Amino acid sequence: MNGFDWNAARDALPLLIEGFRVTLLATVLGTLVAAVLGLAVAVAGRAPSRFVTVPVRAVTEFVRSTPLLVQLVGAAALFTSVEPLVVGIAVLGVHYAAYTSEVYRAGIDSVPKGQWEACRALSLSPRRTWRAVILPQAVRNVLPALGNYAISMFKETPFLAVITVQEMVFEARKYGADHFAYTEAFTLAGLVFLVASYPTSLLMRKLEKRLGH
């Protein structure tokens, strides 16, 4: 490749791998937060009381209507005593929970009404109805969509660099600045993102087709 320094790329690789570990950790933990919190928001959104549903919807709309970058900077400014990586994971989780809650809502709505009626006919408690009947079907229906959001979160982890989280793009920028090798560092970072995300997207596509049958 013309103008591409392979020695610089080789030297940058260990730093990028270390940054990739942070990127992967933020993605996995952020996805767990988004999955659990999104489910809680979806269930709370169906509560009979407006004192629950109105605040939940207001907060969800606020999160969806503000950029992730602004949320990261704002949270870092508010929680200065908290580790930046912890702040980043929490913000990623909350941000994507606002979207996964809609996915869960669609999954819950896809459960046939006859299932709800059968639960009432059997005098099942609301908790048992949700845990044993509704949620297993709803979660199964939305797994591919949740996987796609996890991939999107993975690709947005570079935003964590603005709050000094040393993820992969942070390391690439640092190496580029120290060695005047931005092309090599960012090219490698882009390739790592591609190698990690593309096979996962194919897997999600295959899972979606399988669950659709």
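Check the entry above for the structure.
What you see as residue numbers is a count from 1 along each chain, following the sequence as written. Where totals are concerned, whole chains, interfaces and linings use all residues; where local detail is concerned, this predicted model gives features only for residues with pLDDT of at least 70, and gives and counts side-chain atom pairs only at 80 or more. Side-chain metrics rest on all non-hydrogen atoms present in the structure, leaving aside hydrogens and water.

K.L.:
Is there a simple way to think about unusual backbone geometry in this case?
P.N.:
Most peptide bonds take the trans form, and the phi angle of most residues other than glycine is negative. Residues other than glycine seldom take positive phi values, yet Thr164 does so here, at roughly 70 degrees. Numbering of helices and strands starts at the N terminus; helices are DSSP runs of H or I of at least 4 residues and strands are runs of E of at least 2. Inspection of the secondary structure assignment puts Thr164 in the loop between helix 6 (126–156) and helix 7 (168–179). Positive phi, normally seen in glycine, also occurs at Phe180, with a value near 55 degrees. Examined against the element boundaries, Phe180 turns out to sit in the loop between helix 7 and helix 8 (182–212). Between buried and exposed lies partly exposed: a residue is buried under 20% and exposed over 50% of the maximum accessible area for its type, with that area taken using a 1.4 Å probe on protein chains only. Using a relative accessible area of 75% as the deciding quantity, one classes Phe180 as exposed.

K.L.:
Help me understand the environment of Pro126 in this model?
P.N.:
Relative to the helices and strands, Pro126 is located in helix 6. Sequence-wise, Pro126 and Trp116 are 10 residues apart; in three dimensions their C-alpha atoms are separated by 9.9 Å.

K.L.:
Would you mind going over the pattern of salt bridges with me for this structure?
P.N.:
Two side chains carrying opposite charge are able to pair once their charged atoms lie near each other. We define a salt bridge as a side-chain nitrogen of Lys or Arg found within 4 Å of a carboxyl oxygen belonging to Asp or Glu. Counted under the stated rule, the structure contains 8 salt bridges. With its nearest N and O atoms 3.5 Å apart, the salt bridge here joins Asp178 to Lys174. Of the two residues, Asp178 and Lys174 are both situated in helix 7; the distance of 4 residues between them amounts to about one turn of the helix. Given the relative accessible area of 48%, Asp178 is considered partly exposed.

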